[in-house]
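Single-letter residue listing:
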Amino acid sequence: MRVPSDLPRRSSRSKNRRIGNRGRVALIALFGLLFVLFVSARSLAGFYVETLWFNSVGRSDVFWGILRTKVLLAAVFTFGFIGLALLSLTVADRMAPLDRAAGPEEEVLRRYREVVGQRQGLLRIIVATIFGLMAGLPASSHWQEWMLFRNTINFQVVDEQFQTDVGFYVFRLPFLNYLVNWLFAAVFVILLLTAVAHYLNGGIRVQPGGRHVTAQVKLHLSALLAVLALLKAADYWLQRFELTTSSRGYRDGAMYTDVKAQLPALQLLLLISLLAAALLLYNVRQKGWRLPIIAVGLWLVVAVIAGTLYPAVVQRFQVEPSESTREADFISRNIRATRAAMGLDTVEVVPLTLGSVTPDEVRNDLAGFENVRLLDPTLLGETFDVEQGLQTGYRIGGPGRDIDVDRYELDGETQQVVLATRDLDPSNLPISSWEGEHLAYTHGYGLAFAPASEVTTEGKPNYVSVASPTNDLGLTQPAIYFADGMSGYAVVGTDRTGGEESLDPDRPAYAGTGGVQLGSRLRRAAFAIYYGEYNLFGSRLISDQSRIIYRRDVRSMVEKTAPFLKLDADPYPVVLNGRIMWVLDAYTTTSRYPYSQAADTRQLTNGSGLRTSFNYVRNSVKAVIDAYDGSMTFYISDAKDPIVNAWAKAFPDLFTSMDAAPDELKSHFRYPEDLFRVQTNIYGRYQLQSPSDFYTQSEGWSVAQATPIRQSGTAVSTSASDPAATGNSLGATGLNSDANTQRFEPYYSLFEAPGASDSEFVLLRPFVPWSRDDQRKELAGFMTASSDPENYGKLTVYDITGARPTGPLTVASQISQEFSQILTQLDLAGSHVEFGDLQIVSVADVGLVYVRPWLLVPDNPPQIAKLISVSVTYNNESARGASVGEALNALFPGLDVELGSPTNGVPISTGTDTGSTSGSGSGDTGGTTGSEDLTSVEAKLARAQSLYDEAQAALAAFDSKTYADKMNEAYTLLQAAAEQATGLDLQTPTVTDPATSTTVPATDATASADAESTSTTTG
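From a predicted model like this one, the values you see are computed outputs, not experimental measurements. (Residues numbered from 1 in each chain as written. Predicted model: local features only at pLDDT ≥ 70, side-chain atom pairs only at ≥ 80, totals over all residues. Heavy atoms only, no water.)

**Side note on the overall build of the protein**
Looking only at helices and strands, the protein features 27 helices and 31 strands. Relative to its 1019 residues, the protein shows a buried fraction of 52%. By sequence separation, contacts in the protein at least 24 residues apart represent 70% of the contacts at least 6 residues apart. Element-wise, carbon and sulfur atoms account for 55% of the exposed surface of the protein, whose accessible area totals about 45100 Å². (Helix = DSSP H or I, 4+ residues; strand = E, 2+ residues; numbered from the N terminus. Buried < 20%, exposed > 50% of the residue type's maximum accessible area, 1.4 Å probe, protein only. Contact = heavy atoms within 4.5 Å. Areas by Shrake-Rupley, 256 points an atom, 1.4 Å probe, with all protein chains shown as cover.)

**Some points on the side chain of Asn201**
Take Asn201: it is sitting in helix H6 (residues 166-201). A polar contact of 3.4 Å, which involves the side chain of Asn201, links it to the backbone oxygen of Ala92. (Polar contact = N/O pair within 3.5 Å; in protein donor to acceptor, adjacent residues only side chain to side chain.)

**Re the nonpolar core**
Grouped together as the largest cluster of nonpolar side chains are 142 residues, with contacts concentrated most on Phe634 and Phe655. When residues of this core are assigned to their parent elements, the largest contribution, 13 residues, is made by helix H8 (residues 256-282). Grouped together as the second largest cluster of nonpolar side chains are 99 residues, Val372, Leu379, Leu380 and Val617 included. (Core = buried A, V, L, I, M, F, W, Y, C linked by side-chain atoms within 4.5 Å.)

**A look at the pattern of salt bridges**
Here the structure, examined in full by the defined rule, presents 28 salt bridges. Between Asp626 and Arg579 there is a salt bridge, with the nearest N and O atoms lying 2.7 Å from each other. With Asp626 in strand S14 (residues 616-626) and Arg579 in strand S13 (residues 579-590), the pair connects residues that are 47 residues apart, well separated along the chain. On the basis of relative accessibility, which here comes to 5%, the residue Asp626 falls in the buried class. By sharing partners, the salt bridges in this structure join Glu673, Asp674, Arg677 and Glu745 into a single network. (Salt bridge = Lys/Arg side-chain N within 4 Å of Asp/Glu carboxyl O.)

**So, the sheet that holds strand S9 (residues 516-517)**
Judged by pairing direction, the sheet is antiparallel, and its three strands sit side by side in the order S8-S10-S9 without closing on themselves. Every interior strand has two partners, whereas the edge strands, strand S8 (490-492) and S9, have only one. Here two bridges tie S9 to strand S10 (residues 547-549), and the two strands are oriented antiparallel to one another. Directly across from Val516, in S10, lies its bridge partner Ile548. (Pairing = 2+ DSSP bridges.)

**Thoughts on helix H18 (residues 554-561)**
Among all positions of H18, only Val554, Arg555, Met557, Val558 and Thr561 are buried. Axial view of H18: buried residues confined to an arc of 160°, hence all on one face. (Arc of directions from axis to C-beta.)

**Considerations on the packing of aromatic side chains**
Two numbers describe a pair of aromatic rings. These are the distance of the centres and the angle of the planes. For the coordinates displayed, the defined rule picks out 49 aromatic pairs. Relative to Phe767, the ring of Trp701 lies with its centre 5.3 Å away and its plane at 35°, an arrangement referred to as tilted. On the criterion of sequence distance, the pair formed by Trp701 in strand S17 (residues 701-703) and Phe767 in strand S21 (residues 760-769) is long-range, its members being 66 residues apart. Accessibility expressed as a relative area gives 5% for Trp701, which makes it buried. The class for Phe767 is buried, based on a relative accessible area of 0%. Plain terms: the ring middles of Phe819 and Trp854 are 5.5 Å apart, the flat faces sit at 65° to each other, and that makes the pair edge-to-face. Note that Phe819 is positioned in the loop between helix H23 (808-818) and helix H24 (820-827) and Trp854 in strand S26 (residues 847-858), a separation of 35 residues in sequence. The burial state of Phe819 is the same as that of Trp854; both residues are buried. Site record: aromatic cluster; members linked through ring pairs are Phe77, Trp146, Phe149, Phe175, Tyr178 and Trp182. One Lys or Arg, Lys232, reaches over the ring of Tyr236 and ends 5.3 Å from the middle of that ring. Its guanidinium or amino end placed over the ring of Phe537, Arg521 lies 4.3 Å from that ring's centre, counting from NZ or CZ. (Phe/Tyr/Trp six-rings, centres within 6.5 Å; stacked < 30°, edge-to-face > 60°. Lys NZ or Arg CZ within 6 Å of the ring centre and 35° of its normal.)

Put into structure tokens, the structure is as follows:
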């Protein structure tokens, strides 16, 4: 034995080489770690930024609650698969035969076993884990179904087929379906993996001759196949309940074929599945696979014949020849379920018999006309933006210039108003630098606010100032840091010497708690990485007291906080306690309410959360967001809704009772338009509750056709190819859908209903009789939805009995035709007339009068709309005037009411004429008015110019008589001035009479004073 000193000394080069190798490995590992951090840095920063946002709005319970649920589901399903797979693969390894038959494939398998060797257990774990992750991770996306499953609440309503509470269908059935289907797929994959393992272990052979499968392998595979059969039986059992939302028959739900053919077929298939499972287990003691093959073959034959062919035969040869009688009981189920699921089972139907209205009755019932909305929110976006934007960098009404309708108490009376926030416009800032976009211009400011039933003498909105602390609305905090459609981020509380830019001259620093305080370098680094902006980390203007405000779009805020709610397309602002608050209507929906009809959503805008499939809906939540600090409150507006109560169990701190909402806030809640569209779309058919009447639809209704939109003198309609503008098809087999035309949009109105003594703030939408070709246009009735706190959500249908008046489309067409000459003249002057909402006014409980404002819009930007006239229609007759009162006086002779002050309507002229349609010119051939001295040529010319200006004002107000009088007097003065200056007898001037297209002396112009418009020539 050699002593250590005799051993060869290790070379220092070898030692250095080992150290060098370790260094390279460490360096590679370090670079790998840095690469992973670099690649995932934004994701990590995004996660951190997300947690900070939820903390800032006080909703970390929602963030961590959803995250825990997702992780739990992914972990349970992943490890569940891994456990089942490892169990089956371990059993397969232990069943490996000791003696393997020789054959051409044995050599290949022997080499495989040599390579795997003792690592076979590790290989099982790797294979099971890979497939487990693939099968388990997607389960996290089903977190909503799981949370509802855990927090089930009964509807206290049972379906009429299986006598099971609706809560089972809504809360339990979706997750049970997913679980059974997942288990079936998982066991099937495990069966394939197990078969491969048995083949590799020699338990399965494919060469000819001898036993191909050992007895142990046969037992193992038969057990797995039996489990699959049992899971399929469970699936058939659940499919029975799925029939309650079937769309096979005349209506949605389990109709005749589903109950009489499909349901027995499913029950038979369930029994065959159980029989197949028993045969597979019994076959373990038998030779071959004859019994399982017979069972599976029988299974397939019954599935094809009983599950597919037989129901088709029943539907074709039993149901269709006598559909109305076969389906009668099931139609009744569909009607009752649909009305309940869509909130139509409590609609109050009021019969309305119409009669003639006298001028005295109109005079004694003017409240409805006083509340007519003259300003149309869809036409005022650019008007508000130009006149109330006030400063570069701001815009009115967000990206779409959305103008909202609400009601406020002004001058001691509740009035309709149109209003919109003055939001920040990032695309039009005076400063384009990073500092200007994110530190200087940080917020919007105030509201544009005007009474909806008043205009100035120029026909423009009569704006009310709301930016002062002393105004009637009491808006003391006008800054808007959160708004509809607001994007990007802002950093407030910085060290800029100029402060934050706003319309407020004092530019106060932000004093709210919105956003996240940048009090550490870690937070600043996270935001810099997340937004890819170094300045968030390196700018010296940002201090530890600065706050970053991000996720500023109110819709995105609610969607992120409560992703299980569907949002209305139209958030609207409310002035409350001196601050601007945003109100968003949120819905709970499901597509699993038994027997209910799927909603027609084609008329909804793309921004609506209801543009999805559902057959149950409730406006269960009012989300209120402070525009200054972003604080959110979710008020439960429908405490009877089981779905929102289930979510309240899941997130007990998220929701607030409506009893805690301030009364002032409740007074501004509106019944949502999207929900009202869906309800009116479906009510037209489902107002018929008799199965026979429902089937024939002879008394069915459709939402009234939309009134045309005028552009450059042409009446046009929205393209029917637009899904949001098409008719009310309910999309079921056998029931004809409405014609593909645009439908009347609901509008908000202070409406005094027939028989009522006070006005209510309601949504209103009219109906016409249903017809296949959409030719029926008479008014059949109309629905209102109350927004008043004491009657909020009450739906009332006024069913017109007896003779029906003309419908909205006919009235709109009549107006366009009757006043076509006036419209053409206005369209030739570089502008065009666009009509506001065609509104229905109830008079004396027996009359319905249509009122429609006319707005003049320039052809070229800025398109500032102004009211120029109002038309009223009753009993197929129409009249127009500069105000509602003048139009009524023209329509009802002898009425003589003054409805429209200088701020309510357009005066006839801006001169001495008061605007009366019965007024006339002075008629003084000498050209004098009163005591005015017109003896000189200069005086005559000046007076003629004044008269000409007054005549143009009268023309704009459609007062043709005053126009003719003023022009006649002006030309007389011009003739007198010319004769005085030249001493010649000049030819009498002429004007063209539009009624006859002939030229007449100007002195005879009064003979055609009723002409709609004139064009002039001089002789």
